[in-house]
Amino acid sequence: DNVTFLHNQICMLGKLAIVPVNGWFSFDFNINFEKEQQFMWMKENGYRVQSIDDVDRIKSYGISDVRYLERTIQKIQDMKEIDEIVVVSSTVPDVSFVNHDSTLQDTPLINLMGNSYLMSAVKADVNKKISTWCFGSYSSCTDEIRNGIRFVSNPRGLTHDLGSWPTYHPKRISLRD
């Protein structure tokens, strides 16, 4: 309880800024689920929600994280010593990375993959400093370039799957020179 990861911390290494953000959830990766349905599914599947207000609270955390990310990226635009940004989010930044997954389609679980508002932070990157976006919350690998940004997810897998993965192969993230 009360542990927050990836919150309000930036790491600057030479010309690189690593900008982590949790991201939370926007609950709109599948809009066909009403808030009440989402709450009941979360409660029945072991998520720590006590009331329907918890769904709204979690969504508000996600909106707050987006504002933080936008402001941070905007501030870095003026920093001449930083020419590259790597964004690291705990959650998936866009539904298109997961909506093809038949195990998620038509389930409330897809709404617990990410935050659709995160991508709006890219608009603050007027100097095109974001080179890479690493993200989690999704158990399948992603490595693709969209609009000049490399999006990477290289999960180890879910806890109950760890025994079936004999070897983990880390992804190499190359930085600009």
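Provided above is the structure to which this section pertains.
### Concerning the overall build of the protein chain
- Within the protein chain one finds two helices and six strands.
- Listing the helices and strands of the protein chain from first to last along the sequence gives β-β-α-α-β-β-β-β.
- Per-residue burial over the protein chain gives 39% buried out of 177 residues.
- Look at the contacts in the protein chain between residues 6 or more apart in sequence, and 66% of them connect residues 24 or more apart.
- Split by element, the accessible area of the protein chain, about 10400 Å² in all, is 51% carbon and sulfur.

### Topic: the sheet that holds strand 2 (residues 16-21)
- Here we have six strands laid out as an open sheet, ordered 1-2-3-4-6-5, and mixed in their pairing. Both outer strands of the open sheet, strand 1 (11-13) and strand 5 (142-146), are each paired with one neighbouring strand and no more. Across the sheet, the axes of successive neighbouring strands diverge by a mean angle of 15 degrees, strand direction being ignored.
- Note that strand 4 (residues 130-135) and strand 6 (residues 149-153) share three bridges and pair parallel. Looking across to strand 6, one finds that C134 is bridged to V152.

### Details of unusual backbone geometry
- Here D106, not a glycine, exhibits a phi torsion of approximately 60 degrees, which is positive.
- In this fold, D106 is placed in the loop between strand 3 (84-89) and strand 4.

Calculation rules
Residues numbered from 1 in each chain as written. Predicted model: local features only at pLDDT ≥ 70, side-chain atom pairs only at ≥ 80, totals over all residues. Heavy atoms only, no water. Helix = DSSP H or I, 4+ residues; strand = E, 2+ residues; numbered from the N terminus. Buried < 20%, exposed > 50% of the residue type's maximum accessible area, 1.4 Å probe, protein only. Contact = heavy atoms within 4.5 Å. Areas by Shrake-Rupley, 256 points an atom, 1.4 Å probe, with all protein chains shown as cover. Pairing = 2+ DSSP bridges. Axes fitted to C-alpha atoms, helices over the stretch in contact; angles between N-to-C directions.

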